[in-house]
Amino acid sequence: MISYSTFRIAAQNGTITTTDSTRQVVSEIEKQKHLNAFLTVCESEALAQAATSDKHFATGSPRLLEGMVIALKDNISTKGIRTTCASKMLENFVPVYNATVVDRMNAHGGIIVGKTNLDEFAMGSSNENSAFGAVEHPLGDNLVPGGSSGGSTVAVAAGLVHVALGSDTGGSVRQPAALCGVVGFKPTYGRISRYGLVAFASSLDQIGILASDVSTTARFFDAISGIDERDSTTAELPATQSLAMIEQPLLRSFTVAVLPDSELAGCDADVLKVYYSRLEILRQNGATIIPAEIPGSTAWIPTYYILATAEASSNLARFDGVRYGFRATVGDDDEDAMIVRSRTQGFGAEVKRRIMLGTYVLSSGYYDAYYRKAQKARRLVLNGYNDVFTKADILFLPTTPTPAFKRGEKTADPVAMYLSDYFTVSANLAGIPAISIPAGTSSEGLPIGMQLQAKSFDDERLLYFAHHFYQLFN
Amino acid sequence: MNPIETVEYVAELARLKFTEDEISQFANQFQNILSYIQTIEELDLEGIEPLTHISQAENVFREDVVQPSLPLEDVLRNAPKRNESFFKVPKVL
């Protein structure tokens, strides 16, 4: 698929139409059905939007996202289009309102072609937890694409769409982006409205962007970011203006912080090789490298899993089979039995495991031992980052400890699966922006991603550095 | 409580039901996950205030202006069972 910027120029010159491009996309999605990236394709809605885009191009008034082909993770609410969270619980759920991001991309001329597969309720790191089957890595070979935004990531990596939205609670945009070789960006908490994103862990959740380059990512971010009166946790800031900023030439000198080598000990040799060689490239291009010590990093994953599961157990309490969602049909004896049966049959194994863990850490007698401690450890992470970013522009680190792993490799051991988020959860704990960019390949030819993190609300500068680093690395 | 009893108790709180096999499997996985998250005990958290939310905002106020809410038909559209303009559930009492 041609890049969005190439498409935009061609459409402005009249050598291509949005209608043709959208038709092609729909037929390509059909051809690549084995990837299982899409749960719903909305062809008629997309073609109606494409016709409007063609008029805008014809009259020389294209909007910011005119004709851009977009996929949405299926936990983002779309009015009149099924939104399942890849769960039996919401298999037939058709939202009656749009998420704010959906309204905004529509207003900017974006074309939504479909809803993508994910780990059920965004809980997972391999996209093996979907009630509608696993997503395939574009390279096949029984590899996982990562998760939980696996379908969105594969849609971009396989060239089926220009851009896709995911959600990132502990790395669910950046981790699959690294495993599939695309750009995955998690903005600062509060920079993109979460209204209409089905909640997993509300203090950590952030909608994120997947694209094949940083420039498309920046353009899309500018279109959907900014305060939303329907999400009181959005920051009181207007939309970003990152597209113009990323084109500025790279500073002659800048400061990059790196983790102590001991923290990288668990990484695959190929990941380390790419990491050190890319660091050397940065050094040759004006970077001063300084050490970063973020206290408590051994407890990043435990802290994350305590807080995320606690919040999830509370958020998912709303699924009771009463007002919407799955209701178990067996027995109609009493309300309580109906609720227990609906939840038991409607949720998959990993979702139940996390609800159980979250309920446990919040239960009487354990609250102080786990939840309270994790909240304190979370402040430690935030303080550590604040300290790093008084001295450095960017923290540079791998996105994942390993390249894509095989299906079934980690499903039996939840802790091993959770550890694949080792380098991503801390950005959610601190609320800071982070981005994964393709940086190299393993000896077996699998993509390897590197991550850049910056201080809160420094999203535009983060994209600027990411844009330049991407060009230096590729 | 032993691990099996703990899992049964937590399942009741979470409004979930498990088979005996699932309960023993859960009890095992729970032990593993819990012993792993114990690493949080190694941190020195003396004098550190809990971070309850990352957002700087305290109260977000707006004018109390009447706006249209969802039409009744939309609200009931996804109801598993309904009776005219009500959600229908099994008997409560």
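Residues numbered from 1 in each chain as written. Chains lettered and ligands numbered in written order. Predicted model: local features only at pLDDT ≥ 70, side-chain atom pairs only at ≥ 80, totals over all residues. Heavy atoms only, no water.

## Looking at the overall build of chain B
Then comes step 1: Looking only at helices and strands, chain B has three helices and two strands in total.
Then comes step 2: Put simply, chain B runs from its N terminus to its C terminus through helices and strands in the order α-α-α-β-β.
Then comes step 3: Scaling as 2.2 N^0.38, a compact globule of 93 residues should have a C-alpha radius of gyration of about 12 Å, whereas chain B reaches 23 Å, well beyond that.
Then comes step 4: Taken along the three principal axes of its C-alpha coordinates, chain B extends 55 × 45 × 25 Å.
Then comes step 5: Every one of the 93 residues in chain B was classed for burial, and the buried ones make up 31%.
Then comes step 6: Entry remark: accessible area of chain B is about 7200 Å², with carbon and sulfur atoms responsible for 49%. (Helix = DSSP H or I, 4+ residues; strand = E, 2+ residues; numbered from the N terminus. Rg over C-alpha atoms; globule rule 2.2 N^0.38 Å. Buried < 20%, exposed > 50% of the residue type's maximum accessible area, 1.4 Å probe, protein only. Areas by Shrake-Rupley, 256 points an atom, 1.4 Å probe, with all protein chains shown as cover.)

## Some words on the overall build of chain A
Then comes step 1: Of the regular secondary structure elements, chain A holds 16 helices and eleven strands.
Then comes step 2: What you see for chain A is a C-alpha radius of gyration of 21 Å, in line with the 23 Å of a compact globule of 474 residues.
Then comes step 3: Oriented by its inertia axes, the alpha-carbon framework of chain A measures out at about 70 × 55 × 45 Å.
Then comes step 4: Scored against the burial criterion, the 474 residues of chain A give a buried share of 64%.
Then comes step 5: Contacts in chain A between residues far apart in sequence, at least 24 positions, make up 76% of those at least 6 positions apart.
Then comes step 6: As presented, chain A carries roughly 15600 Å² of accessible surface, and 50% of it is formed by carbon and sulfur atoms.
Then comes step 7: Between the mean site of the 41 positive side-chain charges and the mean site of the 48 negative ones, chain A shows a separation of 2 Å. (Contact = heavy atoms within 4.5 Å. Lys, Arg positive; Asp, Glu negative; His and termini not counted. Charge placed at Lys NZ, Arg CZ, Asp CG, Glu CD.)

## Topic: empty space enclosed by the protein
Residue and element names in this part refer to chain A.
Then comes step 1: Overall, the coordinates contain one cavity of 30 Å³ or more when judged by the stated rule.
Then comes step 2: Estimated volume of the largest cavity: approximately 60 Å³.
Then comes step 3: Lining of the largest cavity is provided by 13 residues; of these, Gly124, Ser172, Tyr304, Arg354 and Asp421 occupy positions nearest its centre.
Then comes step 4: Residue composition of the lining of the largest cavity, grouped by class: five nonpolar, six polar and two charged. (1 Å grid on protein atoms, 1.4 Å probe; cavity = no way out; pocket = protein on both sides within 12 Å on 5 of 7 lines; lining within 4 Å. Points joined across faces, edges and corners; volume = space filled by probe spheres on them. Nonpolar A, V, L, I, M, F, W, Y, C, P; charged D, E, K, R; others polar.)

## A look at helix H9 (residues 269–284) of chain A
Residues and elements named next belong to chain A.
Then comes step 1: Under the 1.5 Å per step criterion, the end-to-end length of H9 is 23 Å for 16 residues, consistent within 8% with the ideal 22 Å.
Then comes step 2: Taken together, the buried positions of H9 are occupied by Asp270, Val271, Val274, Tyr275, Arg278, Leu279, Ile281 and Leu282. All buried residues of H9 project into a common sector of 165° when viewed along the axis, lining one side. Facing away from the buried side of H9 by over 90 degrees, the exposed positions are Ala269, Lys273 and Gln284.
Then comes step 3: Packed against the buried residues of H9 are strand S7 (254–258), strand S8 (287–291), strand S9 (394–398), strand S10 (434–441), strand S11 (447–453) and helix H16 (459–473).
Then comes step 4: The backbone nitrogen of aspartate 270 lies 3.1 Å from a side-chain oxygen of the residue at the head of H9, namely aspartate 268.
Then comes step 5: Two residues or fewer past H9, glycine 286 is found with a positive phi of approximately 105°. (Expected span 1.5 Å × (residues − 1). Arc of directions from axis to C-beta. Polar contact = N/O pair within 3.5 Å; in protein donor to acceptor, adjacent residues only side chain to side chain.)

## Looking at the interface of chain B and chain A
Then comes step 1: In this assembly, 47 residues from chain B lie in contact with 61 residues from chain A.
Then comes step 2: One can count two salt bridges joining chain B with chain A.
Then comes step 3: Among the ionic pairs, Glu41(B) bridges to Lys373(A), the shortest N-O distance being 3.5 Å.
Then comes step 4: At the boundary of chain B and chain A, one finds 15 residue pairs in polar contact (both at pLDDT 80 or more).
Then comes step 5: Taken together, the elements giving at least two residues each to the side of chain B that touches chain A come down to helix H1 (3–13) and helix H2 (20–37) of chain B.
Then comes step 6: When residues in the side of chain B that touches chain A are grouped by element, the largest group, eight residues, is from H2(B). (Salt bridge = Lys/Arg side-chain N within 4 Å of Asp/Glu carboxyl O.)

## Quick word on the pairing of S11(A)
Residue and element names in this part refer to chain A.
Then comes step 1: The buried fraction of S11 amounts to seven of the seven residues, a majority that puts the element mostly inside the structure.
Then comes step 2: What you see with S11 is no split at all: Pro447, Gly449, Gln451 and Gln453 on one side and Ile448, Met450 and Leu452 on the other are buried throughout.
Then comes step 3: Taken together, the four bridges between S9 and S11 define a ladder with antiparallel strand orientation. Among the inter-strand pairings, leucine 395 is bridged to a residue of S11, identified as glutamine 453.
Then comes step 4: Bridge count for S10 against S11 is seven bridges, and the pairing is antiparallel. Residue pairing across strands places glycine 440 opposite isoleucine 448, the latter belonging to S11.
Then comes step 5: Here S10 hands over to S11 after five residues, with glycine 445 in that stretch at a positive phi of 85°. (Pairing = 2+ DSSP bridges.)

## Thoughts on the packing of helix H2 (residues 18–31) of chain A against helix H3 (residues 43–58) of chain A
Residue and element names in this part refer to chain A.
Then comes step 1: The geometry of H2 relative to H3 is characterised by a closest axis approach of 8 Å and an angle of 155° between their N-to-C directions. When the axes of H2 and H3 are compared, the pair comes out roughly antiparallel. As for the relative orientation of H2 and H3, their crossing is right-handed in sense. Between H2 and H3, the residues in contact are Thr18, Thr19, Thr22, Arg23 and Val26 and Glu43, Ala46, Leu47, Ala50, Ala51, Ser53, Asp54 and Phe57, respectively.
Then comes step 2: Considering only residue class, the contact of H2 with H3 consists of six nonpolar, four polar and three charged. (Axes fitted to C-alpha atoms, helices over the stretch in contact; angles between N-to-C directions. Parallel < 35°, antiparallel > 145°, perpendicular 65-115°, else oblique. Left-handed = near helix turned anticlockwise from the far one by under 90°.)

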